[in-house]
Amino acid sequence: MSIDNHKYSDWDVRRVKELDIRQFIPGCNHRKTTQDIECPFCGKKKFAVNAKKDFNNAKCWVCGQGFSGPIAAVAYYSGINLDTDWLHALEETARQGGIVITPQERRREESIAAAIEASRQSFCNQQLEASGLTLEDVTASIIEGGQELFMPTFRKGRVNEMFVPDKSGDDMLIYYYRLDGKPMEYTSKGSSRPRQYVRVRWANPDIHRSSDGKPMKYQTPAGAPSRIYIPEKIRRLYKLKSHIDTLFLQEGEKKAEKACKHGMLSIGIQGINNFGSQQEGLLQDIQDIAKACSISNIVLVMDSDWNDLHRAIKVGDSVDKRPNSFSKAVIKFKQYMSTFHNIGLSVDIWWGHVNENDHGDKGVDDLLCGALLSREQELLEDIERTMHSHDGRGTWLNIHKITAISDAKIRDFWLLNDVHAFYEIHKARLTVSNI
Ligand SMILES: [Zn+2]
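What you are looking at is a predicted structure, and each value in this text was computed from that prediction instead of being measured. Sequence order as written defines the numbering, with residues in each chain counted from 1. In view of the model being predicted, local features appear only for residues whose pLDDT reaches at least 70, and side-chain atom pairs are presented and counted only at 80 or more, with totals across whole chains, interfaces and linings using the full set of residues. Values reported for side chains reflect all heavy atoms of the structure, with hydrogen atoms and water molecules removed beforehand.

J.: Describe the environment of Ala-256, and please don't skip the residues or the numbers.
T.: If you trace the backbone, Ala-256 turns up in helix H7 (residues 253-261). We classify Ala-256 as buried; its relative accessible area is 0%. In sequence terms Ala-256 and Asn-29 are 227 residues apart; their C-alpha atoms lie 57 Å from each other. Residues contacting Ala-256, with those up to four places away along its chain left out, are Tyr-229, Pro-231, Gln-250, Ser-266, Ile-267 and Gly-268. Numbering goes from the N terminus for both helices and strands, where a helix is a DSSP run of H or I of at least four residues and a strand is a run of E of at least two. Here's how the labels work: a residue is buried when its accessible area is under 20% of the maximum for its type, exposed when over 50%, partly exposed in between, all with a 1.4 Å probe on protein chains only. Only heavy atoms enter the contact rule, under which two residues are in contact if any of them lie within 4.5 Å.

Rendered as structure tokens:
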């Protein structure tokens, strides 16, 4: 099929193909579902026209020529070359059939304009702007109610106590869509009706506290499992089955979008541990992307404060008092990613983090809006260099290959970092005698 057909959505093209073929073939009886009329090619009265749901076509019993559908019929009678000018034939069929089809690009622009108007000055906009994102950047091609639509995945709104979203509030809602573009759903306990998977970023975390009293910035609906957030760029590569050399896992949806915007192909996870669970194993979407895009490398990316815990260490604290949740997360990551092997994939596993810099950037999104603002392409160059270096140390990120590193070594690495961080922080106060 012609590349041109991307001008219109599959949904619009299908609507044209479903137009009754009889209205485009002269001499048809519109009350008969099947009929033999005079063949436009050989003139025999053996031209079978079918206007059934699954067979909307025509073919001559004698000469074998015919029309595969309404577009081919219109092309023939209007003198349009179907092979070289399919798009023209499509548009002409829509025109003759009396239906309006709108180019995707125009529908996309109209959707974005409407979304911008609706969320002007909203908390959602502020959040996106802070990450250097526009509504256009986060607009996805999705399927809702059987229709292909363009919608931003970050929208102004609120959720009620049942976590049902509506447009009235001024929190930020993050809509999750599957790889096929349909809404992700979940079923909460005690309910049989699936609900749309929407995460919320509260504008005022202080009035939304978790069970242990802590203010919550983000909230996932109660009873909903962790899912990955899939930026449109990744969804498109998945649909096209394009190769992704390196897939990055970012902590959070905005980071994933911002990284994708600048070519660092990423998906969002909801926390450094949330790429799988005991019950589900490695999240299916990650497996599906890995398979369809034959990824070669997968990298878990952490913020620059990944070892911030060390700053709180006081002289005299014992080594084992230090939390080692980060090394646990990395070991779990390695174990889960090793299961790629079971589905026949050979994927190298990496762990990386943003380096501390003078700008104080924490996440990849901060880095791209901070120290790397207007020279964003340096990030990819640095990553490329770092992943080919002997020690995994880059300018902006350190990235270490852990495919073949033992769990014990990963723990040791953290211990060494502990000692190093401890020394850096306290060296001024350390004397030869107390070292
Ligand atoms: Zn014929």
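J.: Tell me about unusual backbone geometry, and please be specific about residues and values.
T.: The backbone of Phe-163 sits at a positive phi, close to 65°, despite the residue not being glycine. Residue placement: Phe-163 occurs in the loop between strand E7 (154-159) and strand E8 (165-175).

J.: I'd like to hear about the packing of aromatic side chains, residue by residue, with values.
T.: Only the six-membered ring of Trp is used, alongside the rings of Phe and Tyr, when aromatic pairs are assigned; centres must lie within 6.5 Å, and planes under 30 degrees apart are stacked while those over 60 apart are edge-to-face, with the rest tilted. Enumeration over the complete set of coordinates arrives at 14 aromatic pairs. Measuring from ring centre to ring centre gives 5.7 Å for Phe-47 and Phe-67, while their planes differ by 80°; the resulting arrangement is edge-to-face. Here Phe-67 lies in strand E4 (residues 66-67) and Phe-47 lies in strand E2 (residues 47-51), a separation of 20 residues in the sequence. What makes Phe-67 buried here is its relative accessible area of 4%. Note on Tyr-176 and Tyr-229: the rings are 5.6 Å apart at their centroids and 75° apart in plane angle, and the pair reads as edge-to-face. Of the two residues, Tyr-176 sits in the loop between E8 and strand E9 (185-186) while Tyr-229 sits in the loop between strand E12 (218-219) and helix H6 (232-239), which places them 53 residues apart along the sequence. Of the aromatic side chains, those joined through ring pairs into one cluster are Phe-41, Phe-47, Phe-67, Tyr-76 and Tyr-77. When the NZ atom of lysine or the CZ atom of arginine is within 6 Å of a ring's centre and also within 35 degrees of its normal, the charge is said to sit over that ring. A cation over an aromatic ring shows up here: Arg-201 above the ring of Tyr-218, its NZ or CZ 5.6 Å from the ring centre.

J.: Break down the pattern of salt bridges for me, with residues and values.
T.: Two side chains of opposite charge can pair, provided their charged atoms sit close to one another. Salt bridges are defined by distance alone: a side-chain nitrogen of Lys or Arg within 4 Å of a carboxyl oxygen of Asp or Glu. Scanning the model with the defined rule gives 21 salt bridges in all. A salt bridge links Glu-92 to Arg-95, with the shortest nitrogen-to-oxygen separation between them at 2.8 Å. In this pair, Glu-92 and Arg-95 are both assigned in helix H3 (residues 86-97), 3 residues apart and thus about one turn of the helix distant. Of the residues examined, Glu-92 reaches a relative accessible area of 15% and is grouped as buried.

J.: Describe in detail the coordination of the zinc ion, supporting the description with residues and values.
T.: Around the zinc ion, the protein contributes the donor atoms Cys-39 (SG), Cys-42 (SG), Cys-60 (SG) and Cys-63 (SG), at 2.3 to 2.4 Å from the metal centre. Excluding water, the donors of a metal are its N, O and S neighbours within 2.8 Å, or within 3.2 Å for Na, K and Ca, and that exclusion means sites may look incomplete. Key to geometry: four donors with every angle between 85 and 135 degrees are tetrahedral; four donors are square planar and six octahedral where opposite donors lie over 155 degrees apart and all remaining angles lie between 65 and 115; all other sites are irregular. Around the zinc ion, the 4 donor atoms sit at angles spanning 106 to 116°, and that spread fits a shape best called tetrahedral. Counting the intervening residues between successive donors of the zinc ion yields the motif C-x2-C-x17-C-x2-C. On the basis of relative accessible area, Cys-39 is assigned to the buried category, the value being 3%.

J.: Residues and numbers for the sheet that holds strand E13 (residues 246-251), please.
T.: A sheet is described by the order of its strands in space; here 5 strands give the open sequence E14-E13-E17-E18-E19, paired in mixed fashion. At either end of the open sheet lies a strand with only one pairing partner, and these are strand E14 (266-269) and strand E19 (397-401). Across the sheet, the mean angle from the axis of one strand to that of its neighbour is 25°, orientation sign disregarded. By the bridge criterion, 6 bridges tie strand E17 (residues 297-302) to strand E18 (residues 348-354) in an arrangement that is parallel. Paired with Asn-297 across the bridge in E18 is Asp-348. Packing of H7 onto the sheet brings it into contact with E13 and E14, and relative to E14 it is tilted by some 175°. By definition, two strands form a pair when at least two bridges between them are found by DSSP. Under this scheme, a helix contributes an axis fitted over its contacting stretch, all axes are lines through C-alpha atoms, and angles between N-to-C directions fall in the 0 to 180 degree range.

J.: How would you explain the pairing of strand E3 (residues 56-60) if you had to name every residue and give the values?
T.: Here E3 shows one buried face, formed by Asn-56, Ala-58 and Cys-60, and one open face, formed by Asn-57 and Lys-59. Two strands pair when backbone bridges link them, and E2 and E3 are joined in this way by 5 bridges, in the antiparallel orientation. Counted as the bridge partner of Ala-48 is Lys-59 from E3. Between E2 and E3, which pair antiparallel one after the other, the connecting turn spans 4 residues. With 2 bridges joining them, E3 and E4 adopt antiparallel strand pairing. In the strand pairing of E4, Lys-59 is matched with Gly-66.

J.: Account for the domain arrangement of the chain, naming residues and giving values.
T.: Those domain boundaries reflect an automatic or database domain assignment. We note that the domain assignment places domain 1 (3-97), domain 2 (103-224) and domain 3 (225-435) within the chain. Contact residues are listed per partner, giving 29 residues for domain 2 and 21 residues for domain 3. Joining two parts hides part of their accessible area as seen by a 1.4 Å probe, and the buried area is that hidden amount summed over both. Summed over both sides, the interface between domain 2 and domain 3 buries roughly 2100 Å², with carbon and sulfur atoms accounting for 55% of that surface. Per-residue buried area on domain 2 facing domain 3 is highest for Ser-131, Tyr-176 and Leu-179; these three make up 32% of the total on that side. Summed over the shared surface of domain 2 and domain 3, the number is 2 salt bridges. Notably, a salt bridge pairs Lys-261 with Asp-137, separated by 2.7 Å at the nearest N-O pair. The set of elements that each furnish at least two residues to the side of domain 2 that touches domain 3 consists of helix H5 (123-130), strand E5 (139-144) and E8. Residues of the side of domain 2 that touches domain 3, tallied by class, amount to 16 nonpolar, 9 polar and 4 charged. Three classes are used, and their members are as follows: Ala, Val, Leu, Ile, Met, Phe, Trp, Tyr, Cys and Pro are nonpolar, Asp, Glu, Lys and Arg are charged, and the others, Gly among them, are polar.

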